[in-house]
Amino acid sequence: METDGEDVLQSALAEADGLQKQMLQAYYQFWTTLLKPECALLVQGMRNFLGNLHDANMERLSVAMKSYVDSTVESTLKSHPAWRGQDLNQVKRSLESFLYGQAQPLLDRLEWTGLFAMMEDDWMERLTQLQFLQPTHLEIQCLNETADAIDDLLREPVQAMLSIDQYYSPYEKLQRVLLVYQSVNGALSAALNGDRTNPTSANRKLPSADDVLPTIILTVLRAKPHRLLRNLQMIENFAPAEYLRGEAGYAFTNLYGAVQFLQDLNMDKPESLSIAPEDFRKGLEESVMKAQERFSIGIQGTVDYLENNDLGFVPNIHVQDVRQARLNGEVVNLEWAIKYQKE
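Values in this document were obtained by computation on a predicted structure and should not be read as measured data.

### Details of the packing of aromatic side chains
Working definition: an aromatic ring pair is given by the centre-to-centre distance plus the angle between the planes. As enumerated under the stated definition, the model contains eight aromatic pairs in all. Seen in terms of ring centroids, tyrosine 171 and tyrosine 243 are 5.3 Å apart; in terms of plane orientation they differ by 65°. Their pairing is edge-to-face. Residue tyrosine 171 is found in helix α10 (residues 170-193), and its partner tyrosine 243 is found in the loop between α12 (228-238) and α13 (246-264); the two are separated by 72 residues along the sequence. Its relative accessible area of 7% is what places tyrosine 243 among the buried residues. Aromatic rings pair up to connect Phe30, Trp83 and Phe98 into one cluster.

### Concerning the pattern of salt bridges
On inspection of all chains with the given rule, the structure shows seven salt bridges. Of the charged contacts, one joins arginine 230 and aspartate 108 as a salt bridge, the two residues approaching to 3.0 Å between their closest N and O atoms. Taken together, the positions of arginine 230 in helix α12 and aspartate 108 in helix α6 (residues 104-108) put the pair 122 residues apart, joining distant regions of the chain. Looking at arginine 230, the relative accessible area reads 13%, which means it is buried. Assessed through its relative accessible area of 45%, aspartate 108 is described here as partly exposed. Put simply, aspartate 165 and arginine 227 hold a salt bridge, and the shortest N to O gap is 3.1 Å. Residue aspartate 165 is located in the loop between α9 (155-163) and α10, and its partner arginine 227 is located in the loop between α11 (209-223) and α12; the two are separated by 62 residues in the primary sequence. By relative accessible area, arginine 227 is classed as partly exposed at 30%.

### Regarding the nonpolar core
Within the largest apolar cluster, 53 residues are counted, with the highest numbers of intra-cluster contacts made by Trp123, Leu228, Leu255 and Leu262. Listed by contribution, the elements that provide at least two residues to this core are α7 (120-129), α8 (147-153), α9, α10, α11, α12 and α13. Broken down by element, this core gets its largest block of residues, 10 residues, from α10. Formed by 31 residues, the second largest nonpolar core is a distinct cluster that contains Met46, Leu53, Ala56 and Leu110.

### Structural notes on the side chain of asparagine 231
Of note, asparagine 231 is situated in helix α12. Setting aside residues up to four positions removed in sequence, asparagine 231 forms contacts with Ile164, Asp165, Lys173 and His226.

### Let's talk about the confidence of the model for the protein chain
With 68% of its residues at a pLDDT of 70 or more, the protein chain shows a mean pLDDT of 78. Across residues 8-15, confidence stays below pLDDT 50; counting only partners more than four residues off in sequence or on other chains, it has eight contacts.

### Re the environment of aspartate 122
Looking at the element boundaries, aspartate 122 is found in helix α7. Considered as a pair, aspartate 122 and glutamine 263 are 141 residues apart in the sequence and their alpha carbons are 9.6 Å apart.

### Side note on unusual backbone geometry
Its identity is not glycine, yet lysine 224 carries a phi of approximately 45°, on the positive side. Residue placement: lysine 224 occurs in the loop between α11 and α12. The exposure class assigned to lysine 224 is partly exposed, which follows from its relative accessible area of 29%. Within the chain, arginine 227 stands out as a residue other than glycine whose phi angle is a positive 60°.

### Section: the environment of leucine 41
By the secondary structure assignment, leucine 41 is in helix α3 (residues 40-51). The exposed category is assigned to leucine 41, whose relative accessible area is 59%.

How each quantity is defined
Residues numbered from 1 in each chain as written. Predicted model: local features only at pLDDT ≥ 70, side-chain atom pairs only at ≥ 80, totals over all residues. Heavy atoms only, no water. Phe/Tyr/Trp six-rings, centres within 6.5 Å; stacked < 30°, edge-to-face > 60°. Helix = DSSP H or I, 4+ residues; strand = E, 2+ residues; numbered from the N terminus. Buried < 20%, exposed > 50% of the residue type's maximum accessible area, 1.4 Å probe, protein only. Salt bridge = Lys/Arg side-chain N within 4 Å of Asp/Glu carboxyl O. Core = buried A, V, L, I, M, F, W, Y, C linked by side-chain atoms within 4.5 Å. Contact = heavy atoms within 4.5 Å. pLDDT = per-residue confidence, 0-100.

As structure tokens, this is what we get:
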């Protein structure tokens, strides 16, 4: 089994980019470690944990998954001899990926609506209807070239966009969103600097922030990614708050704003697609503001939830008891801690 796994890994690595290679190698190390006999209780605990969530709604499943990953790392993997000497951050990411992979049947049963007004079929039809949009419509001055040249420039952002659905965990999906944002910046930089492969820092042109969001919109249209709405909702609901900070959070907000803008276009009024530059910019700004507002509400909602559930309560629980509960497949969260303390 391990030999076959090694062959699959090498084949995947040959086609992967740097980010993928790092995640693939870490995941393969995690998976081979998980096959060791001393990890049998951990595997059984995962099965019990997921089995107890067969009827969970999105909120319960989100809280349970995040809590389980954190408690498993802290109470078990930190001190487990099988993971001694391994990078704990990479182990955590791999655990998360493995767990979400096993939880796909649970996730598929959830109602993936609520983040956006559109359903998946309507969204895909909207993308098809908007295929005529070009850089000139989106006010992207540096991309006013032939269609073939634009396709070549956007090849990497499109591939990154399509890869979001190929990953299971919210961390991995968010990293692909970040790659979309970085690839868009790279494409714009290449367009601005023409054929100069190594322009000096003194004369190198940098992309304008006003061009990044329209180019993300164009990338969405060229990629036509299936289940993008679900993937954005997956990140919003299942990604811990710390994942959505910094550049990754900014990239997520921009992609959300791009999707929001495309959904808000009034397709019943053809003149709405002939947008004056000032109205177009205003529409983009409103879309991003909606994304930022929802992002802020999401974080505050988590804070309110924790505050309203007595977060200040700090139970006196031994780490071995936490570990044993997790191995038994129990959801180790605030409710479990309160119950434990009372007992």
